[in-house]
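A structural walkthrough
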Amino acid sequence: MDGTETRQRRLDSSGKPGELGLPHPLSTGGLPAASEDGALRAPESQSVAPKPLETEPSKETAWSIGLQVTMPFMFAGLGLSWAGMLLDYFQGKKLRGFSCELTRSSRGVLPESFFTIMCQVVVPILLSGLGMMMAGLVMNTIQHWPVFVEVKDLLTLVPPLVGLKGNLEMTLASRLSTAANTGQIDDPQEQHRVISSNLALIQVQATVVGLLAAVAALLLGAVSREEVDIAKVELLCASSVLTAFLAAFALGVLMVCIVIGARKLGVNPDNIATPIAASLGDLITLSILALVSSFFYRHKENQYLTPLVCLSFAALTPLWILIAKQSPPIVKILKFGWFPIILAMVISSFGGLILSKTIAKQQYKGMAIFTPVISGVGGNLVAIQTSRISTYLHMWSTPGVLPLQMKKFWPNPCSTFCTSEINSMSARVLLLLVVPGHLIFFYIIYLVEGQSVTNSQTFVVLYLLAGLIQVAILLYLAEVMVRLTWHQAQDPDNHCIPYLTGLGDLLGTGLLALCFFADWLLRSKAELGGISELASGPP
């Protein structure tokens, strides 16, 4: 039986090639059994019906596809046509009256034009210039006070303490502006944490830098004399620490109010916060220094007063550190952010040394008035540019990675001032403000002081040229330093502004001294020429 079934399977599997894979037609029946002629047949119950072939998918013709697509396409086109007609109807009408308070797009602030930057910058710059001009007038008055006459190192202390607005307040304004533009202080709880930690940070920095500024002034002053008066050292240290603390607190609170107010009004804080910090920074710092040092000078018989002041502010430092540690970025600044502000203070101290050596000489008459103006204008403008570039990088890149158009660490100066890129446009705006601003400030100072300043046309030209050179150098260095700092994954708000404002003080004071010296040489040469002509004339 088994052999018969095997042979039957072999017979079934054989056949014509065209019948391979098709079911073999079996006769009806049960189990295979031999018929009369000996052939095996399957019983009817085991017969297998042939499996029908699967039907092929229907093929779509071009005509059927066209019929199926045409109607939906026509309805969609009608809808788009109606939308276009509605847009054309409302263009210039209802939609032009639509307004919103959007100040930041999903990827950053909205684009600013040349005119927008100019309008937002020019008023704060003029206000800051008026503040610095007032500081110059105050300095021209206080230089004759008994405390400044007797303690000469106080004049050396002026640029470092005034420069704290660049080291601390402008840096604070730049940090808060970046936080506002990136939406970090929109949440009330986060806003409170950021503000309190930043204010505590600048109190720590003011206490330390104020003490170090006094030490630097003493060291620079000790070069030109042999003995050191301990009472004057204590007066200098106490005046420096208290002035730095009070000025930092007052300007810090003011910066917080300005940044939050600008954010609510839809104005870019980068354009207004740092100029206002500069406008009041010089005046407030000089006024506090004059009042505090005069107070200590009047009470110099009390030998415990000045040491007690220094120790009290040193004892408050741990409290400020504890408050500042609420914010992780501030903790990083507390650990690694000291080098920029200390080096900037040292750079400003050299500017103070130039001021103390020239202010009493006749050929440098007017040095006290113009020093805060030229130094402040340069530091103010470069702080705006640095804050803007920093905000740009925070929005369009990540720390350590420079955008494609900023890959070069030392860019061509033409690309800094002459391209259509937004940072180049703002650099042109700031550079164009130098000459008109200085002319306005010079004219107001001349009207107020008159005899205290020179009215030489040569000096005016030299002064304007010095201002242009100072600001052009600072703006280019800002571009370079921000790129290098960002490439090192560091925040330009904390590391660049102190250096640049310190350089602004040194460049401004040095170039101003050169202007006075060159003007004096030219006038002396002209006077000598006139005298020689008179001497060689007929008797």
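Labelled according to an unreviewed UniProt entry, the protein chain appears under the name Solute carrier family 41 member, originating from Sapajus apella. Looking at the protein chain in UniProt, the text filed under Subcellular location (unreviewed entry) is "Membrane". Regarding the protein chain, the relevant UniProt record gives this comment under Sequence similarities (unreviewed entry): "Belongs to the SLC41A transporter family."

Focus on the packing of aromatic side chains
Summed over all chains, the structure comprises 12 aromatic pairs. In textbook terms, an aromatic cluster arises when at least three aromatic residues are bridged by ring pairs, as seen for Phe370, Phe442, Phe459, Tyr463 and Phe516.

Considering the pattern of salt bridges
One pass over the full model with this rule turns up four salt bridges. The partner of Asp186 in a salt bridge is Arg263, with the nearest N and O atoms 3.2 Å apart. With Asp186 in the loop between helix 6 (164-181) and helix 7 (188-222) and Arg263 in helix 8 (residues 230-265), this residue pair connects regions lying 77 residues apart in the sequence. For Arg263, a relative accessible area of 18% puts it in the buried group. Put simply, Arg483 and Glu479 hold a salt bridge, and the shortest N to O gap is 2.9 Å. With Arg483 and Glu479 both in helix 17 (residues 457-487) and four residues apart, the pair spans about one turn of that helix.

Considerations on helix 13 (residues 367-396)
Two residues of an α-helix separated by three or four positions point the same way, owing to the 3.6 residues in each turn. Its 30 residues place the ends of helix 13 43 Å apart at the C-alpha level, agreeing with the 44 Å of an ideal helix rising 1.5 Å per residue. The element helix 13 is extensively covered by neighbouring structure, given that 28 of its 30 residues are classed as buried.

Details of the environment of Leu474
Residue position: Leu474 is located in helix 17. Taking the relative accessible area as the measure of exposure, Leu474 reaches 0% and is therefore buried. Placed 92 residues apart in sequence, Leu474 and Val382 show a C-alpha to C-alpha distance of 6.1 Å. In contact with Leu474, other than residues within four places in its own chain, are Gly378, Gly379, Val382, Leu500, Leu503, Gly504 and Leu507.

Considerations on the packing of helix 15 (residues 422-432) against helix 16 (residues 434-449)
The relative placement of two packed helices is expressed as an angle between their axes plus a distance between the axes. The geometry of helix 15 relative to helix 16 is characterised by a closest axis approach of 4 Å and an angle of 25° between their N-to-C directions. In terms of their interaxial angle, helix 15 and helix 16 are classed as roughly parallel. Here Leu430, Leu431 and Leu432 of helix 15 come into contact with helix 16, specifically with Val434, Val435 and Pro436. The residue makeup of the contact of helix 15 with helix 16, split by class, is six nonpolar, no polar and no charged.

Digging into a nonpolar patch on the surface
A contiguous nonpolar surface patch, about 360 Å² in accessible area, is contributed by Phe339, Leu343, Val346 and Phe350. Relative to the helices and strands, Phe350 is located in helix 12 (residues 338-358). Overall, Phe350 belongs to the partly exposed group, its relative accessible area being 43%.

So, the side chain of Thr207
Following the sequence through the fold, Thr207 ends up in helix 7. Here Thr207 falls in the buried class, since its relative accessible area comes to 8%. Separated by 2.9 Å, the side chain of Thr207 and the backbone oxygen of Gln203 make a polar contact. In this structure, Thr207 is in contact with Val241, Phe245, Phe313 and Thr317, ignoring residues within four places of it in sequence.

Some words on the nonpolar core
With 110 residues, the main nonpolar core has Leu154, Leu157, Leu236, Phe370, Phe459, Tyr463 and Leu512 as its most contacted residues. A per-element tally of this core places helix 8 first, with 17 residues. With sequence-adjacent residues up to four places away left out, Leu512 is seen in contact with Met367, Phe370, Thr371, Ile374, Phe459 and Tyr463. By size, the runner-up hydrophobic cluster in this structure holds 14 residues, among which are Leu393, Leu402, Ala478 and Cys496.

Re unusual backbone geometry
Even without a glycine there, the phi angle at Ala489 is positive, about 60°. Mapped onto the secondary structure, Ala489 falls in the loop between helix 17 and helix 18 (492-536). In this structure Ala489 comes out as partly exposed when scored by relative accessible area, which is 36%.

A word on the side chain of Ser426
Here Ser426 shows up in helix 15. Taking relative accessible area as the criterion, Ser426 reaches 1% and is therefore assigned buried. Filtering out sequence-adjacent residues up to four positions away, Ser426 remains in contact with Ile117, Gln385 and Arg388.

Analysis parameters
- Residues numbered from 1 in each chain as written.
- Predicted model: local features only at pLDDT ≥ 70, side-chain atom pairs only at ≥ 80, totals over all residues.
- Heavy atoms only, no water.
- UniProt positions renumbered as here; feature names shortened; annotations may be inferred.
- Phe/Tyr/Trp six-rings, centres within 6.5 Å; stacked < 30°, edge-to-face > 60°.
- Salt bridge = Lys/Arg side-chain N within 4 Å of Asp/Glu carboxyl O.
- Helix = DSSP H or I, 4+ residues; strand = E, 2+ residues; numbered from the N terminus.
- Buried < 20%, exposed > 50% of the residue type's maximum accessible area, 1.4 Å probe, protein only.
- Expected span 1.5 Å × (residues − 1).
- Contact = heavy atoms within 4.5 Å.
- Axes fitted to C-alpha atoms, helices over the stretch in contact; angles between N-to-C directions.
- Parallel < 35°, antiparallel > 145°, perpendicular 65-115°, else oblique.
- Nonpolar A, V, L, I, M, F, W, Y, C, P; charged D, E, K, R; others polar.
- Patch = residues over 30% accessible without salt bridge, like charges linked within 9 Å, V, L, I, M, F, W, Y side chains within 5 Å.
- Areas by Shrake-Rupley, 256 points an atom, 1.4 Å probe, with all protein chains shown as cover.
- Polar contact = N/O pair within 3.5 Å; in protein donor to acceptor, adjacent residues only side chain to side chain.
- Core = buried A, V, L, I, M, F, W, Y, C linked by side-chain atoms within 4.5 Å.

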